[in-house]
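Here's the letter readout for the chains.
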2 protein chains.
Amino acid sequence: MVTLAEVAQHAGVSASTVSYVLSGKRSISATTRQRVERSIRELGYHPNAGARALASSRSNIIALMIPLRTDMYVPVMMEIAIAVATCARTHGYDVLLLTGEEGPDAVRRVAGSGLADGMILMDVELDDERLPLLRATDQPSVLIGLPADTTGLTCVDLDFRATGALCVEHLAKQGHQDIAVIGEAPAVYERHTGFAERTLDGLRSRSRELGVRLLHRPCDGGYDAMAVTLARILDERPGTSGIIVQNESAVEPLLALLRQQGRAVPEDMSVVAICPDQVATQASVRLTSVAIPAQEMGRHAVEHLVAKLEGRGRDEVVLIAPELTVRTSTGPAPSRS
Amino acid sequence: MVTLAEVAQHAGVSASTVSYVLSGKRSISATTRQRVERSIRELGYHPNAGARALASSRSNIIALMIPLRTDMYVPVMMEIAIAVATCARTHGYDVLLLTGEEGPDAVRRVAGSGLADGMILMDVELDDERLPLLRATDQPSVLIGLPADTTGLTCVDLDFRATGALCVEHLAKQGHQDIAVIGEAPAVYERHTGFAERTLDGLRSRSRELGVRLLHRPCDGGYDAMAVTLARILDERPGTSGIIVQNESAVEPLLALLRQQGRAVPEDMSVVAICPDQVATQASVRLTSVAIPAQEMGRHAVEHLVAKLEGRGRDEVVLIAPELTVRTSTGPAPSRS
DNA sequence: ATTCGGTATCGAAGCGCTTCGACAACCTAT
DNA sequence: ATAGGTTGTCGAAGCGCTTCGATACCGAAT
């Protein structure tokens, strides 16, 4: 293994000079710099991460804490994770992957050991048990998701309240009076996951304002659960002409069931999905949808965290404005006959 | 931040004693151990990761390299990643997430910097460009997937050849003579991804042995691509009575299309999927399937890597035997009329 | 009583890097 | 010519930990 000292010797300078070439923290003459850089290349030198971390007390690692929940839509998580990892690299950071398994203690462990310089938490609950620990250690952090109390925290999320409102608006504008919402799995609400509740909040208040009826039902993923849920909804509100789905793994089952029952989309039933664009465009009907901007969320999270680590950047809540893309699954409400 | 020295002082012992209590590398009297452990707890001591890595030249970190490909079925990747992270923790390792973005150089960077003690590579191609680098650095590693040349490498994978064979066997046993295979996206084959080719190999050789006709068509995910592919298949081989799908995002579209065309599953058409169990059980028909054991793969990979890091463990190729679960999407071939 | 093998502990060296203060060497303004 | 300010480089002191002798003590065997 090549060390700084060997590079220094090879280039005929002192170790500190090499270090300064690497970090750029002091001015170095062009000739020296070139000699050093040449030696680095020739010897194939890579700074030792541990030594660096010890000496500088910065690890250049960001911890990303992903929960293990199986009732969450996984691809979005994955996309965020990849975006975080990729974006972090462009800022010179690597990403450490923590699963929920270890529980809140992971926060303490990582903060205490100096393993990571900061952390990003995903799938934050309204009253997340990791937050007290996070506030206790003054570990720089960014949440993806919104807890109930955001004081002293930096959070990045899609504006789910506005998302809900947007969906209702779109349907109401087309004359739909009876709207059903097929939500996330019941477990998601029981856990008080912020995004689910905020969406619901947006849906409800906007529909109240616009004077349309709204029926919300949680629903597990998969075909069977969807069949039961849909039957209940149509039984309770036969006049339903618009459906908003927030559970991605319920999208295709829903479309299949509607087709099977002879309800045409969008002629008999309009469908709006809250899901990644890929799902919306690959479904059996091109779905009008509000996209979940996973990449953007990951990128924002990293950038805010890096800003904090560099001393810039203050606590703030960043809500990404939702965008509704009209595709072919929504249309005017059928005239009441 | 609490240091080893502070703990030592608090417990009235030397720093090295505390270190030995922590590592267990030398015998320590019960009384001393307890005193030290108490101090550790009272002071809330966490060993500093960087210092540890520097002194011991082991980081207790495993790098996990996930490619960025969007044409791959992401949930499986995610599941493996989570399994790796979780399993690694039980062995005292953390996981560093590397994306394909950085390219093969990531191998050099991580190996050179001592950031990780070993690495796990996912989505290995037959002739993967990371392998030469991997062999050059003698970084301990485990591949998930099988390259063309496995000498000197440890690999973990589902036995896709056997998987293909198993699918054909199951259908042939039920009297199906004309079988269609809906494969992964064309890009996957162009890239010479091991698992896709090996599956195909198993499918072909077994169908030759059993004397059944086999038609293979790659297919992108989504409804539209599936519609085109299915139409072509049925056009070319109208007698097709069994379908094997290897692209998870094609599963639900396929079922929707069959339903739409009035082909009952399994009466008119048997369908076997190669996919995670969750997909098979949540689809609109309970699919007979060969599961992709993501968890098991992740676990195996970690365990082999840890074995290598501890000096046990030699190079070997671990193929996990496929298991076919019969559900309700397959039945006897319709009698030829 | 003396020696021997264990067991339990300590001190010190050093892992590879960053960073601070010191110091030449040089340039400018007086 | 001299003081003052830059600029570029070096040496040395750690960062917090592991690990290798060395040492001191104990009971068992001679």
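Rules and cut-offs
Residues numbered from 1 in each chain as written. Chains lettered and ligands numbered in written order. Predicted model: local features only at pLDDT ≥ 70, side-chain atom pairs only at ≥ 80, totals over all residues. Heavy atoms only, no water. Helix = DSSP H or I, 4+ residues; strand = E, 2+ residues; numbered from the N terminus. Contact = heavy atoms within 4.5 Å. Lys, Arg positive; Asp, Glu negative; His and termini not counted. Charge placed at Lys NZ, Arg CZ, Asp CG, Glu CD. Buried area = accessible area lost by both parts, 1.4 Å probe. Salt bridge = Lys/Arg side-chain N within 4 Å of Asp/Glu carboxyl O. Nonpolar A, V, L, I, M, F, W, Y, C, P; charged D, E, K, R; others polar. Pairing = 2+ DSSP bridges. Axes fitted to C-alpha atoms, helices over the stretch in contact; angles between N-to-C directions. Domains from an automatic or database assignment. Core = buried A, V, L, I, M, F, W, Y, C linked by side-chain atoms within 4.5 Å. Buried < 20%, exposed > 50% of the residue type's maximum accessible area, 1.4 Å probe, protein only. Near = heavy atom within 4 Å. Polar contact = N/O pair within 3.5 Å; in protein donor to acceptor, adjacent residues only side chain to side chain. Parallel < 35°, antiparallel > 145°, perpendicular 65-115°, else oblique.

The name that an unreviewed UniProt entry assigns to chain A is LacI family DNA-binding transcriptional regulator, with the source organism given as Streptomyces olindensis.

Trainee: An account of the overall build of chain A is requested, with residue identities and associated values reported.
Mentor: Helices and strands together make up the secondary structure of chain A, namely 14 helices and twelve strands. Dimensions along the principal axes, computed over C-alpha positions, put chain A at roughly 90 × 40 × 35 Å. Contacts spanning at least 24 positions in sequence make up 72% of the contacts within chain A whose residues lie at least 6 apart. Across chain A, the mean location of the 34 positive side-chain charges is 5 Å away from that of the 41 negative side-chain charges.

Trainee: Help me get a handle on the interface of chain B and chain A, residues and values and all.
Mentor: Interfaces are often sized by the amount of accessible area the parts lose when they come together. Counting residues at the interface gives 50 residues for chain B and 50 residues for chain A. Interface of chain B and chain A: buried area, both sides summed, is about 4,000 Å²; carbon and sulfur atoms make up 65% of it. The largest per-residue losses of area from chain B upon contact with chain A belong to B:His46, B:Met78 and B:Leu97, which jointly make up 14% of the total buried on that side. Taken together, the links from chain B to chain A amount to six salt bridges. A salt bridge links B:Arg286 to A:Asp224; the nearest nitrogen and oxygen atoms lie 2.3 Å apart. Contributing elements (two or more residues each) for the side of chain B that touches chain A: helix 4 (49–56), strand 1 (61–66), helix 5 (74–90), strand 2 (94–99), helix 6 (105–113), helix 11 (223–236), helix 12 (248–260) and helix 13 (277–282) of chain B. Of all the elements, helix 5 of chain B adds the most residues to the side of chain B that touches chain A, at nine residues. Looking at the side of chain B that touches chain A residue by residue, the classes come out as 25 nonpolar, 15 polar and ten charged.

Trainee: Can you lay out the sheet that holds strand 8 (residues 242–245) of chain B for me, pointing to particular residues and giving the numbers?
Mentor: Residues and elements named next belong to chain B. Strands sit in the order 7-6-8-9-10-12 across an open sheet of six strands; the sheet is mixed. Edge positions in the sheet fall to strand 7 (213–217) and strand 12 (324–325), since each of these pairs with one other strand and no more. In the sheet, strand 9 (residues 270–274) pairs with strand 10 (residues 288–290) via three bridges, with the strands oriented parallel. Bridge pairing links valine 272 to threonine 288 in strand 10. Together, strand 6 (178–182), strand 7, strand 8 and strand 9 form the strand contacts of helix 10 (residues 194–210), whose direction differs from that of strand 7 by roughly 160 degrees.

Trainee: Tell me what's going on with the domain arrangement of chain A, and back it up with residues and numbers.
Mentor: Split by domain assignment, chain A resolves into domain 1 (4–47), domain 2 (61–158 + 294–320) and domain 3 (160–292). Computed over C-alpha atoms, the centres of domain 1 of chain A and domain 2 of chain A are 35 Å apart.

Trainee: Could you give an account of unusual backbone geometry, with specific residues and numbers?
Mentor: Cis peptide bonds are those with omega within 30 degrees of zero, and the linkage from A:Val265 to A:Pro266 qualifies with 5 degrees. Inspection of the secondary structure assignment puts A:Pro266 in the loop between helix 12 (248–260) and strand 9 (270–274). Positioned with a positive phi, A:Asp123 is a non-glycine residue whose angle comes to about 50 degrees. Here A:Asp123 shows up in the loop between strand 3 (118–121) and helix 7 (130–136). Its identity is not glycine, yet B:Ser57 carries a phi of approximately 45 degrees, on the positive side. When you line up the elements, B:Ser57 lands in the loop between helix 4 and strand 1.

Trainee: Lay out the nonpolar core with the relevant residues and their values.
Mentor: In terms of nonpolar packing, the biggest core is built from 103 residues, with A:Ile244 and B:Ile244 touching the most fellow members. Setting aside residues up to four positions removed in sequence, B:Ile244 forms contacts with B:Cys167, B:Val168, B:Leu171, B:Ile179, B:Ala180, B:Val181, B:Ile182, B:Leu203, B:Val272 and B:Ile274.

Trainee: So, the protein's contact with DNA strand C: which residues are in play, and what are the values?
Mentor: The environment of DNA strand C is formed by 27 residues, the closest being A:Leu4, A:Arg26, A:Tyr45, B:Thr17 and B:Thr32. At the protein interface, 55% of the atoms of DNA strand C within 4 Å belong to sugar or phosphate. Between B:Ser27 and DNA strand C, the recorded distance is 2.7 Å, taken from a side-chain N or O atom to a phosphate oxygen. Between B:Ser29 and DNA strand C, the recorded distance is 2.8 Å, taken from a backbone N or O atom to a phosphate oxygen.

Trainee: Before we move on, could you go through the protein's contact with DNA strand D and cite the residues and values that matter?
Mentor: Taken together, 27 residues sit near DNA strand D, with A:Thr17, A:Thr32, B:Leu4, B:Arg26 and B:Tyr45 positioned nearest. What you see for DNA strand D is that sugar and phosphate hold 55% of its atoms within 4 Å of the protein. At 3.2 Å, a backbone N or O of B:Asn48 approaches a phosphate oxygen of DNA strand D. The separation between a phosphate oxygen of DNA strand D and a polar side-chain atom of B:Arg52 is 2.9 Å. Breaking the surface near DNA strand D down by element, the ones donating at least two residues are helix 2 (15–23) and helix 4 (49–56) of chain A together with helix 2 (15–23) and helix 4 of chain B.

Trainee: Describe the packing of helix 2 of chain B against helix 3 (residues 30–43) of chain B, and please don't skip the residues or the numbers.
Mentor: Residues and elements named next belong to chain B. Between helix 2 and helix 3, whose axes approach to 10 Å, the crossing angle comes to 90 degrees. As the angle between them shows, helix 2 and helix 3 are arranged roughly perpendicular. Between helix 2 and helix 3, the contacting residues are Thr17, Val18, Val21 and Leu22 on the first element and Thr32, Arg33, Val36, Glu37 and Ile40 on the second. By residue class, the composition of the contact of helix 2 with helix 3 is five nonpolar, two polar and two charged.

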